Amino acid sequence: MYAGYFPNRPTIARSNMPTEDANEDHFKIFLKKPEAALLRCFPSQIQATKVMAVLDVLSNHSPDEEYIGKTVESSWAENPVIKAAFERFNGNLKKLEGIIDERNTNIELKNRVGAGVIPYELLKPFSESGVTGKGDPNSFPI
């Protein structure tokens, strides 16, 4: 969800970060103005924009996407044993979603609740359309 923003997850660098063993000139520049050395490594705006666009397209959930355990296959619904197993599986997925929601609201879990903390939703079994960071689809496009 936030991988497309370059400082969070760099996908390309135009040059190596200077190290103590590198060319003395590069290291001196780094010591004088470290932010300039860092910015020189970042990709151009067009490169970063392309990566963000590609990640957005690949991360997007289609409105008609099917999720594991959300709906029973019509051929499975005819067999009572398979249908009962599916209903148990679906119930367990809903319990899992409830547990995740409960933990996301528990103020004792400092890594889940508070100012600037994004709720954990990665293993939530179902999702809406769009870029959500949750949902386990029946198949993956990549």
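Residues numbered from 1 in each chain as written. Predicted model: local features only at pLDDT ≥ 70, side-chain atom pairs only at ≥ 80, totals over all residues. Heavy atoms only, no water.

**Some points on the overall build of the protein chain**
Next, step 1: Secondary structure assignment for the protein chain yields five helices and zero strands.
Next, step 2: Ordered by position from N to C terminus, the α and β elements of the protein chain give α-α-α-α-α.
Next, step 3: Here the protein chain, with 142 residues, has 18% of them falling under the buried criterion.
Next, step 4: A separation threshold of at least 6 residues defines the contact pool for the protein chain, and within that pool the share at least 24 residues apart is 53%.
Next, step 5: Summed over its atoms, the accessible surface of the protein chain is roughly 10800 Å², and 58% of this surface lies on carbon and sulfur atoms. (Helix = DSSP H or I, 4+ residues; strand = E, 2+ residues; numbered from the N terminus. Buried < 20%, exposed > 50% of the residue type's maximum accessible area, 1.4 Å probe, protein only. Contact = heavy atoms within 4.5 Å. Areas by Shrake-Rupley, 256 points an atom, 1.4 Å probe, with all protein chains shown as cover.)

**Some remarks on the confidence of the model for the protein chain**
Next, step 1: Of the residues in the protein chain, 85% reach a pLDDT of 70 or more, and the chain-wide mean stands at 79.
Next, step 2: At the low end of the mean pLDDT range in the protein chain sits helix α1 (residues 24-32), at 78; at the high end sits helix α5 (residues 80-105), at 91. (pLDDT = per-residue confidence, 0-100.)

**Description of the pattern of salt bridges**
Next, step 1: Considering all chains together, one arrives at one salt bridge under this definition.
Next, step 2: Here lysine 124 and aspartate 101 are joined by a salt bridge, their closest N and O atoms 2.6 Å apart. With lysine 124 in the segment after α5 and aspartate 101 in helix α5, this pair connects stretches of sequence that are 23 residues apart.
Next, step 3: The class of aspartate 101 is partly exposed, set by a relative accessible area of 34%. (Salt bridge = Lys/Arg side-chain N within 4 Å of Asp/Glu carboxyl O.)

**Some thoughts on a nonpolar patch on the surface**
Next, step 1: Nonpolar side chains collect at one region of the surface, where Leu96, Tyr120, Leu122 and Leu123 lie side by side and expose about 340 Å² of accessible area between them.
Next, step 2: With respect to the helices and strands, leucine 123 occurs in the segment after α5.
Next, step 3: Of the residues examined, leucine 123 reaches a relative accessible area of 45% and is grouped as partly exposed. (Patch = residues over 30% accessible without salt bridge, like charges linked within 9 Å, V, L, I, M, F, W, Y side chains within 5 Å.)

**A look at the packing of α1 against helix α2 (residues 34-41)**
Next, step 1: Contact geometry for α1 and α2: axes closest at 5 Å, N-to-C directions at 120°. Residues Ile29, Phe30, Leu31 and Lys32 of α1 form the contact with α2, whose participating residues are Pro34, Ala37 and Arg40.
Next, step 2: Of the residues belonging to the contact of α1 with α2, the class tally is five nonpolar, no polar and two charged. (Axes fitted to C-alpha atoms, helices over the stretch in contact; angles between N-to-C directions. Nonpolar A, V, L, I, M, F, W, Y, C, P; charged D, E, K, R; others polar.)

**What about the environment of histidine 26?**
Next, step 1: Position of histidine 26 relative to the elements: it lies in helix α1.
Next, step 2: Judged by its relative accessible area of 41%, histidine 26 falls in the partly exposed class.
Next, step 3: Each C-alpha atom of the pair histidine 26 and alanine 37 lies 8.2 Å from the other, and the pair is 11 residues apart in sequence.

**Some thoughts on the side chain of asparagine 104**
Next, step 1: Locating asparagine 104 in the fold gives a position in helix α5.
Next, step 2: Apart from residues no more than four positions distant in its own chain, asparagine 104 is found in contact with Arg112, Val113, Pro119 and Tyr120.

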